[in-house]
Amino acid sequence: MTAPLKQPDIAVVNVALGERAYDIVIGRDVLASLGARVAALRPGARTAIVTDRTVARHWLAKTEASLNASGIATSRIIVEEGESSKTYAGLERVSEALIAAKIERNDLVVALGGGDLAGFAAAILRRGVDFVQVPTSLLAQVDSSVGGKTGVNSPQGKNLLGAFHQPVLVIADTAVLDTLSPRQFRAGYAEVAKYGVLGDESFFAWLEKNHAEVLKGGSAREHAIATSCRAKAAIVARDERETGDRALLNLGHTFGHALEAATGFSDRLFHGEGVAVGMVLAAQFSASLGMIPQAGADRVARHLAAVGLPTRLQDIAGFAQEGLADADALMELMAQDKKVRRGRLTFILLEAIGRAVIAGDVEPATVRDFLKAKLEGNE
């Protein structure tokens, strides 16, 4: 594990994918360098910025100013905030706006936040237009902006429609995180902790000691982001299309996505909060199977709770509503998970903190019994 960064250092993490390799640039105020970096990557390219209303209010002007300073023509496409835009209708709107803006194959889409939707639109526009990720949440900086997963939601499940489409550049400006609410930041922290839980016990131990400093900001925050990005970049370089090791990054997601669907992809449960509950459930399920000591599962739950994240089903707003307090309903939602193979559930489970494994043939009845026990025991 690298020594914590000192401001105003910039970390550059390379995602090694041969001809499609790209850099993740991490540091405070690196958004100002966007125009110069785009000009170097794509001389003469035009850009279209896809962003949501909230992000636009804070960061659109600065993004446009950086592009304009380098002589890059740009247009803007503004959508509604959150999961409500990750739909068929949202994809149609963004795609038609990109066509109207005359974005061609040698141009660039700039995803200023909301990379799933903008990236998917770029992937299908003219059979593929390159795009740049400028993630504006902690969750996006350490997870969704890296690795090329793009997509929208179906009414039947999260991210069921999408494509692998790698960005050509990621700009992770830690200054933009200053505008996040504490709840939004904590939700993103769940994905940071995930990297320690699944593959780096020493990083998890560092987070246990330094999580307050990560929440506060400064060099500890930048260190946590850079370490997370290095971990994901290494896995993506080994397994770009999730045929093997990359599935480990879904730790907590099989449970978490079902919980998000049960809450209607609403602000009752942010994605990172679903991952936090899902990680704890995955650790507890692993313990119930005798894979990890109960003390290890308790350690995961204790740390996430210390950060202020939900760790139990009962912590979710509206828990008593049908779909959350019903094991069969949750099982039905999990059956739509992208990792299901011929009707069999795939879970990422733990042998230890820092050692996750892919369990590709989990008996549904075993999962159902586990969920019922959690619900009936009000644990």
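Residues numbered from 1 in each chain as written. Predicted model: local features only at pLDDT ≥ 70, side-chain atom pairs only at ≥ 80, totals over all residues. Heavy atoms only, no water.

**Structural notes on the pattern of salt bridges**
Thought 1: Counting across every chain of the model gives 23 salt bridges.
Thought 2: Note that D315 is salt-bridged to R312, the shortest N-O span being 3.1 Å.
Thought 3: One network of salt bridges, with partners in common, ties together E83, K86, D116, K158 and E260. (Salt bridge = Lys/Arg side-chain N within 4 Å of Asp/Glu carboxyl O.)

**Let's talk about the environment of I24**
Thought 1: Here I24 shows up in strand β2 (residues 22-27).
Thought 2: Residue class for I24 comes out buried when judged on its relative accessible area of 0%.
Thought 3: Sequence separation between I24 and A233 is 209 residues; the distance between their C-alpha atoms is 9.2 Å.
Thought 4: Residues within four places of I24 in sequence aside, it is in contact with A11, V12, V13, V15, V146, V170 and C229. (Helix = DSSP H or I, 4+ residues; strand = E, 2+ residues; numbered from the N terminus. Buried < 20%, exposed > 50% of the residue type's maximum accessible area, 1.4 Å probe, protein only. Contact = heavy atoms within 4.5 Å.)

**Topic: unusual backbone geometry**
Thought 1: Phi is positive for R126, close to 50°, though the residue is something other than glycine.
Thought 2: Secondary-structure assignment places R126 in the loop between α4 (115-124) and β6 (130-134).
Thought 3: For R126, a relative accessible area of 36% corresponds to the partly exposed category.
Thought 4: Positive phi, normally seen in glycine, also occurs at F265, with a value near 50°.
Thought 5: Looking at the secondary structure, you find F265 in the loop between α9 (253-262) and α10 (271-288).

**Re the environment of G115**
Thought 1: In this structure, G115 sits in helix α4.
Thought 2: Sequence spacing of G115 and T136 is 21 residues, and the spatial spacing of their C-alpha atoms is 9.7 Å.
Thought 3: For G115, the contacting residues outside a window of four places in its chain are F120, F131, Q133 and T150.

**A short note on the nonpolar core**
Generally speaking, soluble globular proteins have nonpolar side chains that are buried together.
Thought 1: Grouped together as the largest cluster of nonpolar side chains are 103 residues, with contacts concentrated most on I26, L34, V132, F255, M334, V367 and L371.
Thought 2: Not counting chain neighbours up to four residues away, the residues in contact with V132 comprise L34, V38, L108, V109, V110, A111, V168 and L169.
Thought 3: Counting residues in hydrophobic clusters, the runner-up holds 20 residues, among them V79, A101, L117 and V152. (Core = buried A, V, L, I, M, F, W, Y, C linked by side-chain atoms within 4.5 Å.)

**Comments concerning the packing of helix α12 (residues 327-334) against helix α13 (residues 364-376)**
For any two helices packed against each other, the geometry comes down to the angle between their axes and how far apart the axes lie.
Thought 1: The geometry of α12 relative to α13 is characterised by a closest axis approach of 9 Å and an angle of 135° between their N-to-C directions. Between α12 and α13, the angle falls in the class oblique. The handedness of the crossing between α12 and α13 comes out as right-handed. For the pair formed by α12 and α13, the contact residues are A327, D328, L330, M331 and M334 on the first element and P364, V367, R368, L371, K372 and L375 on the second.
Thought 2: Taken together, the residues of the contact of α12 with α13 break down into eight nonpolar, no polar and three charged. (Axes fitted to C-alpha atoms, helices over the stretch in contact; angles between N-to-C directions. Parallel < 35°, antiparallel > 145°, perpendicular 65-115°, else oblique. Left-handed = near helix turned anticlockwise from the far one by under 90°. Nonpolar A, V, L, I, M, F, W, Y, C, P; charged D, E, K, R; others polar.)

So, to be careful, I would describe these as geometric facts and stop short of saying anything about function.
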